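An overview of the molecular structure
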Amino acid sequence: MKKTFITILVGSALYYSAAAQSIKLQNTIPVATNDTKAAIIAKAAQVVPTANQFAALKNEFIAFIHVGPNTFTRKEWGDGKEDPKVFDLKELHTDQWCQTMKTAGMKMVIITVKHHDGFVLWQSRYTDHGIMSTGFQNGKGDILKELSASCKKYGLKLGIYLSPADLFQIESPTGLYGNLSKVSKRSIPREVSARPFANKTKFEFEVDDYNEYFLNQLFEVLTEYGQVDEVWFDGATPKTKGGQEYNYAAWKKLIHTLAPKAVIFGKEDIRWCGNEAGATRDTEWNIIPYPTDPNIANNFPDLTDQSLGSRDDLYKGKYLHYQQAETNTSIREGWFYRDDEKQKVRSSDDVFDIYERAVGGNSTFLLNIPPNREGKFSPEDVKVLTEVGKRINETYGKNLFAGAKGPKQVLDNSSNTFLLLAKPEKSIEITTITPVTINRIVLQEAITSHSERVEQHILEAWLNNKWQEIASATNIGYKRILRFPAVTASKFRLKVLSSRASPAIATIEAHYYSPKPPQLQFDRDINGLLTISPKTHEFGWKPHGQNATENLGKGIEIYYTTDGTEPNRTSKKYQGPVSIAKGEIKAIAIAPKDKGSVATETFGLIKKDWKLLSEANTNKGTKAFDANKGSYWLSGLEEKKQIAIDLGAEHSLNAFVYTPPKNFLDGMMEKGIIQVSNDGKNWETIENFEFGNLINDPTPRTHYLKNEVLARYVQIQATGIAGNKKTLAIAELDFLTK
């Protein structure tokens, strides 16, 4: 019987000194002016999350909801001057939201009950600029109330985003924001006789009018809608007035009193990851330095540097503080719903990749899902989230080290137990009955009792009678997901190469992700060199710079044909760019247990010898045939809307392809004529052509000639531009020949 072993070794580690052993575990530890570098690192090894922070980390994958006037005006940020009646919601389906989120594997939803425009989604006592002034449920509707009920039904936690910025309170003649009111003692909540509070907690704060207003609204949302587990603030200030300041100390006291289990985003508990795109750092330390005590600070700037918690970073701090990152982005291009036609949606590959990078990179993944104007998640969003939930369950629902023999501390799937690696070369062996095929390893440190300590580690497998490295990373923290090409072996080994103190490993799991064969795309350069790659998903809103299909597609092989036959495993294997003169190419991506759809494209003439003839094309007319669909030529307003090309030699042409720019919709060639010439001067019109629906569908269009034509010089002249625009735009022209 074959057995599988896993060994954990410790390389160079920082061991406890007598001073380090005496340091008490704390969420924040001050740095003394005479602390040595070693003492600072020893202190960092004792900084731990609070119970609330750890509970928030265990949520892992959570949702954001943005719905409001912007849903109907199609704006990203309102201006505070909107008539509430623009919020024309007829239906509300919070059960559908929660059911979808539950299926996706999410554990909490944060709803934007007030965005920067000041419009509120609940029945507030303190303003009429909100849902109470709309036709929704005759002004009696309360989206927060309905969502709270749906969360209880589906077992989801609830979070609240109450924007500190408030453009309505700035723009309204009676607005409170920046009204230069005096700071004085105020009682919170301010009583409204017709609507008494069931919760009789009282506060007294020294605040101005706007802070009183904000505290009153916080009191409402934290006492009348059930348990709140996160209160979300951001630093957006679309407009300021009167030097308005926020009394965060008062807000914090109220939140901690009324919602004792809630973490506060944007303040001392949770920080922004530094972007809205879904980008993650390779090393995300949650123990970071602060210049002042974060527990009493009123201002928390965004932390956007690539390195936040390295040793060199820690040496600069006056306080060492545990503050976890939240990786936030939107499933759609924008925070609010606009439409289902032009507003693109992230692919399942993209969302799942961000999930693995964020959750598996020591942070929480916060994904925004904006409801549409029917009060639902749109079908495409539901489809993506359902697929992501399926992948999470299929990949991480089964631990391939389950049932193995070894230390219970790392195999019991509990973060409460751990193995302390206190000596050099300490090893752990895990034995399974048969070899396993894996491409994911999940590691967790015992951060509540031993902080984040691992600084560098590698994973090795016993292959061909020797240890071979198959993955490496830096820190671990709450969770690290190692991703690598699938390996089948009987022994694996994790080496901790460096650490801040003796690391405590809480969990080791092995998993297998079944790669999904991607759609393919072809890119041929001006010399005819063809590249076949996973299709780039069209999602232009704040791209995160990661290639999801490459990250997830390890183990995928590509096969292609050039003779018209369907490609399979016996066809040519794509291993790098190939030279393709012309004609049809077909390709397919094949995974170990699945295969994708066949991609097909017909290529025309190679363009390396083409030359521009038109004198009028002053705006870099060669961009119309540079084999780069990302660039485009745009005619001038006074020029003829035409382009003439010398193909370098005489060819028998049977069609041409017009590719419009995707990011410029004002020059799309809707109608035109094609002309040829023997000398590049005297032109003969061959025939007219017409392309429809370009604005809504700016994809390549092919016009097939009624008869083949022999020509070296070709001219395309636009006679109609979509939307009656005045310029002609061409991303690419291609000419086909048999």
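Note: the structure precedes this text.
Quick caveat, the model's predicted, so the values are computed rather than measured.

1. Section: the environment of Gly-334
Tracing the chain through its elements places Gly-334 in the loop between strand S13 (324-330) and helix H11 (348-359). With a relative accessible area of 0%, Gly-334 lands in the buried category.

2. Observations concerning the pattern of salt bridges
As enumerated under the stated definition, the model contains 40 salt bridges in all. Put simply, Lys-43 and Asp-35 hold a salt bridge, and the shortest N to O gap is 2.6 Å. The partner of Asp-209 in a salt bridge is Arg-186, and the shortest N-O contact between them spans 2.8 Å. With a gap of 23 residues between them, Asp-209 in helix H8 (residues 209-223) and Arg-186 in strand S6 (residues 184-188) connect regions that are remote in the sequence. Residue class for Asp-209 comes out partly exposed when judged on its relative accessible area of 21%. Residue classification places Arg-186 among the buried positions, given a relative accessible area of 11%. Through salt bridges that share partners, Asp-353, Glu-356, Arg-357, Arg-440 and Arg-483 make up one connected network.

3. Describing the nonpolar core
Counting residues in each nonpolar core, the largest one holds 87 residues, and the members touching the most others are Phe-61, Met-101, Ile-111, Ile-143, Leu-222 and Leu-254. Contacts of Leu-222, omitting those with residues within four sequence positions, involve Val-228, Val-231, Leu-254, Ile-255, Leu-258 and Ala-259.

4. Let's talk about the sheet that holds strand S19 (residues 480-489)
What the 4 strands build is an open sheet, ordered S15-S21-S16-S19; its pairing is antiparallel. At either margin of the open sheet sits one strand with a lone partner, and together these are strand S15 (419-420) and S19. Bridge count between strand S16 (residues 436-445) and strand S21 (residues 504-511): 6 bridges; the pairing is antiparallel. Bridged to Gln-444 within S21 is Thr-507.

5. Brief notes about the sheet that holds strand S23 (residues 529-534)
Spatially, S22-S23-S26 is the arrangement adopted by the 3 strands of the open sheet, whose pairing is antiparallel. Every other strand in the sheet has two partners, leaving strand S22 (520-524) and strand S26 (578-579) as the edge strands with one partner each. As judged from the 2 bridges shared by S23 and S26, these two strands associate in the antiparallel manner. Across the sheet, residue Leu-530 finds its bridge partner in S26, namely Val-578.

6. Side note on the side chain of Gln-53
On the secondary structure map, Gln-53 appears in helix H3 (residues 51-59). Polar contacts involving the side chain of Gln-53 include one to the main-chain amide nitrogen of Thr-50, which spans 2.9 Å.

7. So, the packing of H11 against helix H12 (residues 379-396)
For any two helices packed against each other, one specifies the crossing angle of their axes together with the interaxial distance. For the pair H11 and H12, interaxial distance at closest approach is 9 Å and the crossing angle is 45°. Judged by the angle between their axes, H11 and H12 are oblique. As H11 runs across H12, the sense of the crossing is right-handed. The segment H11 lies against H12, with Ser-348, Asp-349, Val-351, Phe-352, Tyr-355 and Glu-356 engaging Val-384, Glu-387, Val-388, Arg-391, Ile-392, Thr-395 and Tyr-396. Looking at the contact of H11 with H12 residue by residue, the classes come out as 7 nonpolar, 2 polar and 4 charged.

8. Side note on the packing of H8 against helix H9 (residues 248-258)
Between H8 and H9, whose axes approach to 10 Å, the crossing angle comes to 15°. Here H8 is positioned roughly parallel relative to H9, judged by the angle of their axes. Both H8 and H9 take part in a crossing whose hand is right-handed. Mapping the contact onto sequence places Asn-211, Phe-214, Leu-215, Leu-218, Phe-219, Leu-222 and Thr-223 in H8 and Ala-250, Trp-251, Leu-254, Ile-255 and Leu-258 in H9. In the contact of H8 with H9, the residues fall into 10 nonpolar, 2 polar and no charged.

Here is what the cut-offs are and how they apply
Residues numbered from 1 in each chain as written. Predicted model: local features only at pLDDT ≥ 70, side-chain atom pairs only at ≥ 80, totals over all residues. Heavy atoms only, no water. Helix = DSSP H or I, 4+ residues; strand = E, 2+ residues; numbered from the N terminus. Buried < 20%, exposed > 50% of the residue type's maximum accessible area, 1.4 Å probe, protein only. Salt bridge = Lys/Arg side-chain N within 4 Å of Asp/Glu carboxyl O. Core = buried A, V, L, I, M, F, W, Y, C linked by side-chain atoms within 4.5 Å. Contact = heavy atoms within 4.5 Å. Pairing = 2+ DSSP bridges. Polar contact = N/O pair within 3.5 Å; in protein donor to acceptor, adjacent residues only side chain to side chain. Axes fitted to C-alpha atoms, helices over the stretch in contact; angles between N-to-C directions. Parallel < 35°, antiparallel > 145°, perpendicular 65-115°, else oblique. Left-handed = near helix turned anticlockwise from the far one by under 90°. Nonpolar A, V, L, I, M, F, W, Y, C, P; charged D, E, K, R; others polar.

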